[in-house]
Amino acid sequence: MISFFPHLSKTLSTEVKKSLKKDYDDADKIALIISFLGFLITSFVTSYSYDTYFLGVTGGGVLLIISFIAYCFYKGSLISRLLFAIIFMIYPAIMLQQQLGMIEMHFGFFCMAAVLMIYKDITPMLMSAFTMLFHHIFLTYLQLNGASFFGETLMIYSVNCSWVITLIHIIMWAMALLMYMFISIKNSHQFIRMLEQSEELDSLNNTLEDKVLKRTQELLEQKNIFETLFNEGSDGYCLSKNSKFIACNSTVLKMLKYKYKEDFLNLRTHELSPKFQENGTDSQIESKKKLQDCIETGSAKFEWLHRKSTGEDFWVEILLTKIIINNEIIIHSSWRDIGEKKRLEHEIQIQHKNLEVTNMKLEASFKNLERTQKKLVEVEKIASLGTLVAGVAHEINTPVGIGITATSHLMELTSKILNKYKKDEISEEEFEEFLKDSASLSSLSNSNLHRTAEIINNFKQVTLDRTNEHKRVFNVCEYIDVILSSIKNKTKKKDINIIINCDRDLKIDSYPGLFGQIITNLIINSYIHGFNNKHTGTITLIISMNNDILNLKYKDNGLGISNKNLKKIFDPFFTTNRENGGSGLGLNIIYNIISQNLKGSINCTSEENNGVQFNILIPSVKYLKKLKLIL
């Protein structure tokens, strides 16, 4: 039924119904105009031939009045459509009577029926069919019986009036009406489909406008942020095109001690440097080479010796980035003053060289003592030689051990200070403390030597595991102890109690490097996020085996994770601590190691201010409890 009357479908939206109502209103307005034209035709055109003005004016006038009533009181409704359908069939009936049944006037019925297609509804066409059918049958009957009205003979055909002709007319009318109805139904479906598509397009357009507006606002905010970073950053920023500066911030002017930006912008890039760099290369040639590397690869990072307007040279770390603006290559330069860094680097190099010389002297002394001991062993062939050798060895090993301890500790301190230097975290106080510690290391005792060697061996094993990712059998608890020792310098700043609940004899055949990275990342993650503003807390690791599956539960009583962020914690680069250097890769690395390398699973449960718990399952690990390995 809806196929014939699509405008009655209950699935139509409110907007489509409103559009259909408006279309019906407009169609009624057109129908009223056509009715007025019909009144003029019946009153002054078709009435002329046989002086039938009275019939034209009165009949057409009544129809015109009914048309106004339909338009004014029932506009856009089914009633108005039905009334206009009846009116449009009566107009050609009047014209037919005025022309005394002229056969050509029957075309008026077809024309007026065609006009009804403006409604895109077959209901008025059905009404017109009923009206026309009633008219032809009734008028044929009256004409055949010689009926008249007000002295005028009622006629539907001028000659040869018969029921056969009426039947032929009805058949022809039915065929035309079916065609009109088919066109009207098709137009109705297309019109409704067009309205629905228009509604969808309007919705999409509004969504697109909202997105464009939102994106425009975001771009404006980003523009303001970038301008603020460029103009007010602590590092120097400048832009250059064709090796000539076109913009800079105030930090660059301060570094170079220029008062006016115009003085700086008139310079080329190589004109801010001494003729030669520290390594002897020509500054102009090297500058062009660095710019070319940036253009080819997109960026270039290096250290450079610049010259201030006062003639003083100073070191900066430069990051060049190629950007395209209006199809032109622009080089964005970031300058960071590393003068203090270079000074500390020079002092550390001197100290490192001194330590190397001291170490060489100690090694030479040790080798000399070894040679002396060998000579004593060769000379002394008697039984008492053992006691002598033991005594000599004891006396020799004491200063050697102290020297080795001092040297090892000095190298360790040097390594730490170099790491801090590379991270640009060293302070003047730390460097002075380092120099003081270097002078006092001669008091270290020999008892630390074995512990130091043990720690070094453990660290070597951990490093080897993580580098090679070889599968081997290892003791889980002992390996965790090594891991905790290796990250002690990062965990000692807070009073966090780490509890390990694990069988001390538990051994598995797996990848210790990957296992260690999982534990390390989880603990560091708790320190950075879970205990961000807390100095005390508890971390618990519960490790057990169940049917060749390692079950690891990791818990802390830190700040926890909100429901909003819980689903995103394993996403790469997701972090809530980016302002403090968080990369957002810690938990993502754990997830990839467990799911891809170890073919296991990990899930997390947490509530804000109620800690976090990670449940990890690692399959296919061989359970070797209390198994003695024969090497």
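It should be emphasised that the depicted structure is a prediction, and the values quoted were computed from it without experimental measurement.

S.K.: Go over the pattern of salt bridges, please, and point to the residues and values.
M.R.: Tallied over the entire structure, the rule returns 13 salt bridges. Because the salt bridges share partners, they merge into one network encompassing Glu340, Arg343 and Glu347.

S.K.: Break down the sheet that holds strand S6 (residues 313-325) for me, with residues and values.
M.R.: Each strand in a sheet pairs with its neighbour through backbone hydrogen bonds, running either in the same direction (parallel) or in the opposite one (antiparallel). The five strands are arranged S4-S3-S7-S6-S5 in an open sheet whose pairing can be described as antiparallel. Looking along the sheet, the strands with just one partner apiece sit at the ends: strand S4 (244-248) and strand S5 (299-307). Recorded for the sheet is a direction-independent mean angle of 35° between the axes of neighbouring strands. With five bridges joining them, strand S3 (residues 236-241) and strand S7 (residues 328-337) adopt antiparallel strand pairing. Note on S7: the bridge partner recorded for Gly236 is Trp335. Most of the contacts of helix H9 (residues 283-297) go to S5, to which it runs at about 160°, and overall it touches S5, S6 and S7.

S.K.: So what about the packing of helix H16 (residues 512-530) against helix H18 (residues 586-597)? Which residues, and what values?
M.R.: For the pair H16 and H18, interaxial distance at closest approach is 9 Å and the crossing angle is 150°. Relative to H18, the element H16 is oriented roughly antiparallel. The hand of the H16/H18 crossing is left-handed. Where H16 approaches H18, its residues Leu514, Gln517, Ile518, Asn521, Leu522 and Asn525 are matched on the opposing element by Gly586, Leu587, Ile589, Ile590, Ile593, Ile594 and Asn597. Tallied by class, the residues present in the contact of H16 with H18 amount to eight nonpolar, five polar and no charged.

S.K.: Describe in detail the sheet that holds strand S11 (residues 536-546), supporting the description with residues and values.
M.R.: With mixed pairing, the five strands of this open sheet are ordered in space as S9-S11-S12-S14-S13. The sheet is open, and its two edges are formed by strand S9 (495-501) and strand S13 (601-606), each paired on a single side. Ignoring strand direction, the axes of neighbouring strands in this sheet form an average angle of 15°. Where S13 lies against strand S14 (residues 612-618), six bridges are found, and the strand directions are antiparallel. Counterpart to Ser601 in the pairing with S14 is Leu617. Strands in contact with H16 are S9, S11, strand S12 (549-556) and S14; relative to S12, the strand with the most contacts, it is inclined by about 15°. In the packing of H18 onto the sheet, contacts are made with S13 and S14, and the angle to S13 comes to roughly 140°.

S.K.: Break down the nonpolar core for me, with residues and values.
M.R.: With 50 residues, the main nonpolar core has Leu20, Phe84, Phe88, Met89, Phe109, Tyr119 and Trp173 as its most contacted residues. Elements supplying a minimum of two residues to this core: helix H1 (14-44), helix H2 (53-74), helix H3 (78-98), helix H4 (107-115), helix H5 (123-144) and helix H6 (163-232). The element contributing the most residues to this core is H3, with ten residues. Leaving out residues up to four positions away in the same chain, Tyr119 has contacts with Tyr24, Ala27, Asp28, Ala31, Arg81, Phe84 and Pro124. Of all hydrophobic cores here, the second largest spans 41 residues; its members include Val476, Ile539, Leu550 and Leu598.

S.K.: Describe in detail the environment of Ile618, supporting the description with residues and values.
M.R.: Examined against the element boundaries, Ile618 turns out to sit in strand S14. Distance from Ile618 to Ser601, taken between C-alpha atoms, is 6.8 Å for residues 17 residues apart in sequence.

S.K.: Give me the confidence of the model for the protein: which residues, what numbers.
M.R.: For the protein, per-residue confidence averages 80 on the pLDDT scale, and residues scoring 70 or more make up 85% of the total. Confidence drops under a pLDDT of 50 for residues 376-392, and excluding neighbours within four residues, the segment shows seven contacts in the predicted structure. Contacts of residues 625-631 to residues separated by more than four positions or lying in other chains number five contacts, the stretch itself having pLDDT below 50.

S.K.: So what's going on with the packing of aromatic side chains? Residues and values would help.
M.R.: Taken as a whole, this structure holds eleven aromatic pairs when the rule is applied. Arranged with centres 6.4 Å apart and planes meeting at 80°, the rings of Phe245 and Trp335 form a pair that is edge-to-face. Within this pair, whereas Phe245 is found in strand S4, its partner Trp335 is found in strand S7, the two being separated by 90 residues in sequence. Exposure class is identical for Phe245 and Trp335. Each is buried. Taken together, a centroid distance of 6.4 Å and an interplanar angle of 75° make the contact between Tyr527 and Phe531 edge-to-face. The same class applies to Tyr527 as to Phe531, namely buried. Here the aromatic residues Tyr554, Phe570, Tyr591 and Phe614 are joined through ring pairs into a cluster of three or more. Lying across the ring of Tyr24, Arg81 places its NZ or CZ 4.1 Å from the centre. In this structure, Lys308 packs its charged tip against the face of Phe314, placed 5.3 Å from the ring centre.

S.K.: Could you give an account of unusual backbone geometry, naming the residues involved and the relevant values?
M.R.: Despite not being glycine, Asn327 shows a phi value in the positive range, around 60°. As for its placement among the helices and strands, Asn327 is situated in the loop between S6 and S7. At Asp548, a residue that is not glycine, the phi angle is positive and equals roughly 65°. With respect to the helices and strands, Asp548 occurs in the loop between S11 and S12.

S.K.: How would you explain the environment of Phe84 if you had to name every residue and give the values?
M.R.: With respect to the helices, strands and loops of the structure, Phe84 is situated in helix H3. Among the residues examined, Phe84 registers a relative accessible area of 0% and is labelled buried. Between the C-alpha atoms of Phe84 and Tyr71, which are 13 residues apart in sequence, the distance is 9.2 Å.

The rules behind each value
- Residues numbered from 1 in each chain as written.
- Predicted model: local features only at pLDDT ≥ 70, side-chain atom pairs only at ≥ 80, totals over all residues.
- Heavy atoms only, no water.
- Salt bridge = Lys/Arg side-chain N within 4 Å of Asp/Glu carboxyl O.
- Pairing = 2+ DSSP bridges.
- Helix = DSSP H or I, 4+ residues; strand = E, 2+ residues; numbered from the N terminus.
- Axes fitted to C-alpha atoms, helices over the stretch in contact; angles between N-to-C directions.
- Contact = heavy atoms within 4.5 Å.
- Parallel < 35°, antiparallel > 145°, perpendicular 65-115°, else oblique.
- Left-handed = near helix turned anticlockwise from the far one by under 90°.
- Nonpolar A, V, L, I, M, F, W, Y, C, P; charged D, E, K, R; others polar.
- Core = buried A, V, L, I, M, F, W, Y, C linked by side-chain atoms within 4.5 Å.
- Buried < 20%, exposed > 50% of the residue type's maximum accessible area, 1.4 Å probe, protein only.
- pLDDT = per-residue confidence, 0-100.
- Phe/Tyr/Trp six-rings, centres within 6.5 Å; stacked < 30°, edge-to-face > 60°.
- Lys NZ or Arg CZ within 6 Å of the ring centre and 35° of its normal.

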